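Fold and geometry: a report
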Amino acid sequence: MSKGEQISDNAERQGRQGVPEWMAELVSVVNDPGFERWRSMVAATGGCANPIHLAGESMVLDSATGEVLHTYDTSAEPSGYLLVACGNRRSSVCLSCSEVYRADTFQLIRAGLSGGKGVPGSVSAHPRVFATLTAPSFGPVHTRREKNGRVRACRPRARDKVCEHGRPVGCHEAHDPRDERLGQPLCAECYDYAGAVLWQSHAGVLWHRFTLAMRQELAALAGMSRRAFNSQVRVSFAKVAEYQRRGLVHFHAVIRLDGPDGAGEPPPDWADVRLLVAAIPAAASGVELDTPESGLGVRRLGWGDQLDIRPIILGTTLEGVNETAVAGYIAKYATKGAEASGTVDYRLSCGPCKGSGRTGKLRGVCGRCAGTGLKPGLHLDLLPVTEHARRMIRTCWELGARREFADLRLRPWAHMLGFRGHFSTKSRHYSTTLGDLRGARGDHRAQEARARLGLPAPGDDTTLVMGHWRFAGSGYTPGEAIMAEQIRQRVSTARAISAEREARQQPQMPDGTEQ
């Protein structure tokens, strides 16, 4: 019997004695002989909410003699397995791992603005802006408007004016920030759900075309050919997608001009912030693409009218946005998902048939979902989502059944309301990569572990590491989950204190920025 089964069995016996099952199981976890070792493994994951269980062994060998210098076997663990963090970026899934992802994204963005992580500090003098590109309107939704610190009416229109479905075309309420109606259409029948889903599914392509059009526009404004411009200037960027309450994404991006070799070389003097600010609106307005021909007709998709462009500055005394604030802003949204707009954070489509309801070469009815395309046990009408999100999900499901939209894979991405792109991306020469940051952190931990064991440092040619691992499960029992959350809070508090202490020790420039 495994440790988890033993804990559950003990909890069940105590439950029959009138003790709540969760409390009985928590007591069993704390009183288990292997609790201290289990707690140290959970702390090592940062209090991960859904850790991976690995079973197996590893050995460190002397590469010259074959002598075994150190062995580790999970059979010696009280639980019989090793806990490894899940690594999920979404805060709705794992607060601990999403915080690590947020911190890594912050360092990645910050390095491209201020230098560090292999990027020279001189990059802070390069022209750069913080731009936000939005989706167009597909129908009026409830919103919160402010002016001069005062909350204004949502959509002031004639009170007696109604749409063709008999609903008011305006809203005179000053919405509270927590009002559940924010982002919901004034009239769901008037709202263009098909257009919204199709735009969302093409948002990644629109971004790609925008980056191409921006380079072309920069060259045109400079009076040069595209090839001549690229020989003197390189455009670098990093962007993140954020869901609005209306269920559509908009993109926040840092866009920077470099010399032809990237961050280590400044651009020519004529390639300045003014050139960048002038090129972005023209590029965004010129990007268009048509959807495939269908019964809905051909939709022409493009960016919305709302476009925000702000120069990024070193300090806080000039007009613009501070580079530290930009890095923090982008990093915050890198851990958010579609759940912020009222949907769920898990796939709805059946795995074997990928939502089509058909499998095999003969395209027979999927035996797992019985042809519905949904995961067994799910029903679109019973999902814990807002009505607006439900309509977008259903639109994904309906359009996903059309052959002309098969390449969009709308059903597998219905939980994301049709968006199928990456949440955060960057150009190759912007700065370091998340993989490099994770690798450096892993190397540091390996070096600490070897120092404790008295072994040669990682990368030393005198040793060889061999291992065999297999997946043995994931997650916690209910009692373990309660204790793991307590551990996560302690780890998070300790990290926050450490970060604040480092910030205090960081030298400050006269304008308040870090040196």
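Here's what I pulled together on the structure shown here. The shown structure was predicted, so the numbers you read here are calculated from the model rather than taken from an experiment. (Residues numbered from 1 in each chain as written. Predicted model: local features only at pLDDT ≥ 70, side-chain atom pairs only at ≥ 80, totals over all residues. Heavy atoms only, no water.)

1. Section: the overall build of the chain
For the chain, the count of helices and strands is twelve helices and 16 strands. When its C-alpha atoms are laid out on the principal axes, the chain stretches across 70 × 60 × 55 Å. The buried share among the 515 residues of the chain stands at 42%. Accessible surface, the chain: about 26,800 Å² in total, of which carbon and sulfur atoms supply 50%. Seen as two clouds, the 66 positive and the 55 negative side-chain charges of the chain have centres 5 Å apart. (Helix = DSSP H or I, 4+ residues; strand = E, 2+ residues; numbered from the N terminus. Buried < 20%, exposed > 50% of the residue type's maximum accessible area, 1.4 Å probe, protein only. Areas by Shrake-Rupley, 256 points an atom, 1.4 Å probe, with all protein chains shown as cover. Lys, Arg positive; Asp, Glu negative; His and termini not counted. Charge placed at Lys NZ, Arg CZ, Asp CG, Glu CD.)

2. Focus on the side chain of glutamine 184
Here glutamine 184 is to be found in the loop between strand E6 (150–152) and helix H5 (193–201). When neighbours within four sequence positions are excluded, glutamine 184 is seen to be in contact with Val141, His142, Thr386, Glu387 and His388. (Contact = heavy atoms within 4.5 Å.)

3. Description of the packing of helix H4 (residues 95–114) against helix H11 (residues 434–453)
Here H4 crosses H11 at 115 degrees, and the two axes come no closer than 10 Å. For the pair H4 and H11, the sense of crossing is right-handed. Contacts between H4 and H11 involve Val100, Tyr101, Asp104, Thr105, Gln107 and Leu108 on the former and, on the latter, Leu434, Leu437, Arg438 and Arg441. When grouped by side-chain class, the residues that make up the contact of H4 with H11 number five nonpolar, two polar and three charged. (Axes fitted to C-alpha atoms, helices over the stretch in contact; angles between N-to-C directions. Left-handed = near helix turned anticlockwise from the far one by under 90°. Nonpolar A, V, L, I, M, F, W, Y, C, P; charged D, E, K, R; others polar.)

4. Points about the packing of H4 against helix H9 (residues 323–333)
Where H4 contacts H9, the axes come no closer than 8 Å and their chain directions differ by 145 degrees. Crossing hand, H4 versus H9: right-handed. Side by side, H4 and H9 meet where Arg102, Thr105, Phe106, Ile109, Arg110, Leu113 and Ser114 of the first sit next to Glu323, Thr324, Val326, Ala327, Gly328, Ile330, Ala331 and Lys332 of the second. When grouped by side-chain class, the residues that make up the contact of H4 with H9 number seven nonpolar, four polar and four charged.

5. Quick look at the nonpolar core
Of all hydrophobic cores here, the largest spans 66 residues; its most connected members are Trp199, Phe210, Leu218, Ile255, Ile280, Trp303 and Leu348. Those elements that place two or more of their residues in this core are strand E4 (128–133), H5, helix H6 (203–221), strand E7 (234–243), strand E8 (249–258), helix H8 (273–286) and helix H10 (387–400). The element contributing the most residues to this core is H6, with seven residues. Residues in contact with isoleucine 255, not counting those within four places in the same chain, are Pro127, Arg128, Val129, Ala131, Phe210, Met214, Val235, Ser236, Phe237, Leu276 and Ile280. Core analysis: the next-biggest nonpolar cluster, separate from the first, contains 20 residues, Tyr101, Val326, Ile330 and Leu437 among them. (Core = buried A, V, L, I, M, F, W, Y, C linked by side-chain atoms within 4.5 Å.)

6. Some remarks on the packing of aromatic side chains
Applying the stated criterion to the full structure yields 16 aromatic pairs. Note on tyrosine 72 and tryptophan 469: the rings are 6.2 Å apart at their centroids and 35 degrees apart in plane angle, and the pair reads as tilted. Highlighted residues: tyrosine 72 in strand E2 (residues 68–73) and tryptophan 469 in strand E16 (residues 463–474), separated in sequence by 397 residues. We classify tryptophan 469 as partly exposed; its relative accessible area is 35%. Members of the aromatic cluster, joined through ring pairs, are Trp199, Trp207, Phe210, Phe237, Tyr243, Phe251, Trp303, Phe419 and Phe423. A cation over an aromatic ring shows up here: arginine 89 above the ring of phenylalanine 423, its NZ or CZ 3.9 Å from the ring centre. Over the ring of tryptophan 413 we find arginine 347, and its NZ or CZ is 4.5 Å from the ring centre. (Phe/Tyr/Trp six-rings, centres within 6.5 Å; stacked < 30°, edge-to-face > 60°. Lys NZ or Arg CZ within 6 Å of the ring centre and 35° of its normal.)

7. Some points on the pairing of E7
In terms of burial, E7 is a largely internal element, nine of the ten residues being buried. Where E7 lies against E8, ten bridges are found, and the strand directions are antiparallel. Looking at the pairing, arginine 234 lines up with aspartate 258 of E8. As paired strands, E7 and strand E15 (residues 424–426) are joined by three bridges and run antiparallel to one another. (Pairing = 2+ DSSP bridges.)

8. Focus on the pattern of salt bridges
Going through the model one piece at a time under the given rule, you end up with 21 salt bridges. Across the pair arginine 144 and glutamate 146 runs a salt bridge, and its minimum N-O distance is 3.3 Å. What makes arginine 144 partly exposed here is its relative accessible area of 30%. One salt bridge in this structure joins arginine 181 and glutamate 173, with 2.7 Å as the shortest N-O distance. Taking relative accessible area as the criterion, arginine 181 reaches 32% and is therefore assigned partly exposed. (Salt bridge = Lys/Arg side-chain N within 4 Å of Asp/Glu carboxyl O.)

9. Here's the deal with the pairing of strand E1 (residues 52–62)
Sheet topology places E1 next to E16; eleven bridges connect them, and they run antiparallel. Within the sheet, the bridge partner assigned to glycine 56 lies in E16 and is tryptophan 469. Where E1 meets strand E3 (residues 82–84), three bridges bridge the pair, whose relative direction is antiparallel. Bridging across to E3, isoleucine 52 finds its partner in valine 84. Pairing geometry for E1 and E2, over five bridges, is antiparallel. Bridging across to E2, leucine 61 finds its partner in valine 68. What sits between the antiparallel neighbours E1 and E2 is a turn of five residues, in which glycine 66 has the positive phi angle 80 degrees.

10. Some remarks on a nonpolar patch on the surface
A cluster of nonpolar side chains, namely Trp22, Met23, Val27 and Ile482, defines an oily patch on the protein surface of about 340 Å² accessible area. Broken down by element, the residue count for the nonpolar patch peaks at three residues, all from helix H2 (residues 21–31). Assignment of secondary structure puts isoleucine 482 in helix H12 (residues 478–505). Overall, the relative accessible area of 32% leaves isoleucine 482 in the partly exposed class. (Patch = residues over 30% accessible without salt bridge, like charges linked within 9 Å, V, L, I, M, F, W, Y side chains within 5 Å.)

11. Structural notes on H8
For H8, with 14 residues, the first-to-last C-alpha span of 20 Å sits near the 20 Å given by 1.5 Å per residue. On its buried face, H8 sits against E4, H6, E8 and strand E11 (307–313). (Expected span 1.5 Å × (residues − 1).)

12. What about the environment of methionine 483?
Among the structural elements, methionine 483 can be located in helix H12. Judged by relative accessible area, methionine 483 falls into the buried class, the value being 17%. Along the primary structure methionine 483 and arginine 90 are separated by 393 residues, whereas in three dimensions their C-alpha atoms are 21 Å apart. Ignoring sequence-local partners within four residues, the contact set of methionine 483 consists of Leu26, Val30, Phe35 and Trp38.

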